[in-house]
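Residue strings, one per chain:
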Amino acid sequence: MPIAGKSNPLVGTWRLLSWENRSADGTISYPLGPQPVGLIIYTDDGYMSVAIMRADREPFAAGDLLAGSSEEKARAAESYVSYCGRYEFRGDFVTHHVELSLFPNWSGIDQERLVAVTGDRLTLRTRPLLLNGIEQSARLVWERV
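First, a word on what this report is: a plain description of the structure on this page. (Residues numbered from 1 in each chain as written. Predicted model: local features only at pLDDT ≥ 70, side-chain atom pairs only at ≥ 80, totals over all residues. Heavy atoms only, no water.)

Brief notes about the nonpolar core
Part 1: In terms of nonpolar packing, the biggest core is built from 21 residues, with Leu10, Ile40, Tyr42, Ile52, Leu122, Leu124 and Trp142 touching the most fellow members.
Part 2: Elements represented by at least two residues in this core include exactly strand E1 (12-23), strand E3 (37-42), strand E4 (47-53), strand E5 (80-89), strand E6 (93-101), strand E8 (121-125) and strand E10 (134-144).
Part 3: Those residues in contact with Ile40 that sit more than four places away from it in its chain are Gly12, Thr13, Trp14, Met48, Ser49, Val50, His96, Leu124 and Trp142. (Core = buried A, V, L, I, M, F, W, Y, C linked by side-chain atoms within 4.5 Å. Buried < 20%, exposed > 50% of the residue type's maximum accessible area, 1.4 Å probe, protein only. Helix = DSSP H or I, 4+ residues; strand = E, 2+ residues; numbered from the N terminus. Contact = heavy atoms within 4.5 Å.)

Next up, the structure:
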């Protein structure tokens, strides 16, 4: 179970400040552009939800969620990350038990993040993992809302 209440510094709503992926050779990339926007919410009863998107997403021409062209839907999916579920906070890391995800492969699995909280800043990092054939670590910095 997550640590509840004041002893859990994750509880609350956080706004994304930056997301960068760093490869083993030091190369930095920005998966959703240099200024993505997003929110992550941790509740004191053990649930979390995260949504991140490119800041410059184009609206569908039809203005209808279900009537977008295949290309519009593909662009929308490529520019958005979202998942939610239960979480467990263990001090220097948090495990997100993904229940629902835009990316179907994440539904039903765990996502572990290394945690650092300093004042109103939250940094979540992945351990090195293989992304597009390159070993990388993601680093997301959030600010408490």
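Description of the side chain of Thr126
Part 1: Inspection of the secondary structure assignment puts Thr126 in the loop between E8 and strand E9 (129-131).
Part 2: Here Thr126 falls in the buried class, since its relative accessible area comes to 7%.
Part 3: A distance of 2.8 Å separates a polar side-chain atom of Thr126 from the backbone nitrogen of Ala138.
Part 4: Not counting the four nearest positions on each side in its chain, Thr126 is found in contact with Arg113, Gln136, Ser137 and Ala138. (Polar contact = N/O pair within 3.5 Å; in protein donor to acceptor, adjacent residues only side chain to side chain.)

Examining the environment of Tyr30
Part 1: Position of Tyr30 relative to the elements: it lies in the loop between strand E2 (28-29) and E3.
Part 2: Remark: the alpha-carbon pair of Tyr30 and Arg86, spanning 56 residues in sequence, is separated by 27 Å.
Part 3: Here Tyr30 is in contact with Trp19 and Glu20, once residues within four sequence places are set aside.

Brief notes about the environment of Asp56
Part 1: For Asp56, the location among the structural elements is in the loop between E4 and helix H1 (70-78).
Part 2: Among the residues examined, Asp56 registers a relative accessible area of 51% and is labelled exposed.
Part 3: Polar side-chain contacts of Asp56 include one of 2.9 Å to the side chain of Arg54.

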